[in-house]
Amino acid sequence: MLLSVGFSRGCITPKDNVSIYNLDGQSRNSKDILDDLYVNTIVLESDERLLLFISLDIIWVDYKFTKRIKDRLYSEIGISDSNILICATHSHSTPQIAYHVNNEARPDKSYIDLIINIVCERSIFSFNNRVSAKARYSSFSTNLSVNRRKEVIDIYRLKKFSFEKKIANRPN
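Description of the structure in this document.

What about the pattern of salt bridges?
Right, so step 1: Applying the stated criterion across every chain yields a total of six salt bridges.
Right, so step 2: A salt bridge links Asp-113 to Lys-109, with the shortest nitrogen-to-oxygen separation between them at 2.9 Å. Here Lys-109 and Asp-113 lie together in helix α2 (residues 109-128), a separation of four residues that amounts to about one turn.
Right, so step 3: Of the residues examined, Asp-113 reaches a relative accessible area of 21% and is grouped as partly exposed.
Right, so step 4: Bridged by salt links that share partners, the residues Arg-68, Lys-109 and Asp-113 form one connected network.

In structure tokens, the structure reads:
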């Protein structure tokens, strides 16, 4: 089984003052940048089967956004939409890209167009620059995760001497 791989990375940090996802009722914008935002693309091809993985440093992706990317990539390099996987890293400090989300931050059309152009450019680069590769895997166990749930004391049960644990999600 022959394997070929292509990859690329592109910066999608807004250059202009773009509205950032509104968190806890505070309006924010992109004028003070701490870290750049990126799109990473990887194309894997084996035995004439091809997959394109796209990871974006934005809060989410929606159907309309992904459809624009998939349609353009199909028309430019012929990758079927079922062979393109698009995900977001879900950072809360990124521009809003969806109009249907209930948030004070509003999408910036020119920024969305810019992201789509960079995603398609980097995807096409990955597609056109595949090289032969070998894949290996291994498995191991580690204890690097954090339990994001905390125990909540139910004061009413405590008064009745009923000690039942209740777990709640801890906020970010």
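From this point, things continue past the structure.
Considering the sheet that holds strand β4 (residues 38-46)
Within a beta sheet, neighbouring strands are joined by backbone hydrogen bonds and run either parallel or antiparallel to one another.
Right, so step 1: Ordered by their spatial adjacency, five strands build an open sheet running β6-β5-β4-β1-β7, and the pairing between neighbours is mixed. Two strands in the sheet have a free side with no partner beyond their single neighbour: β6 (84-88) and β7 (131-133). Each neighbouring strand pair of the sheet contributes to a mean axis angle of 25°, computed without reference to strand direction.
Right, so step 2: Pairing analysis gives nine bridges linking strand β1 (residues 3-11) to β4, with the strands arranged antiparallel. Paired with Gly-6 across the strands is Val-43, a residue of β4.
Right, so step 3: Contacts from helix α1 (residues 63-77) reach β5 (49-56) and β6, with the element oriented near 145° to β6.

Basis of the calculations
Residues numbered from 1 in each chain as written. Predicted model: local features only at pLDDT ≥ 70, side-chain atom pairs only at ≥ 80, totals over all residues. Heavy atoms only, no water. Salt bridge = Lys/Arg side-chain N within 4 Å of Asp/Glu carboxyl O. Helix = DSSP H or I, 4+ residues; strand = E, 2+ residues; numbered from the N terminus. Buried < 20%, exposed > 50% of the residue type's maximum accessible area, 1.4 Å probe, protein only. Pairing = 2+ DSSP bridges. Axes fitted to C-alpha atoms, helices over the stretch in contact; angles between N-to-C directions. Contact = heavy atoms within 4.5 Å.

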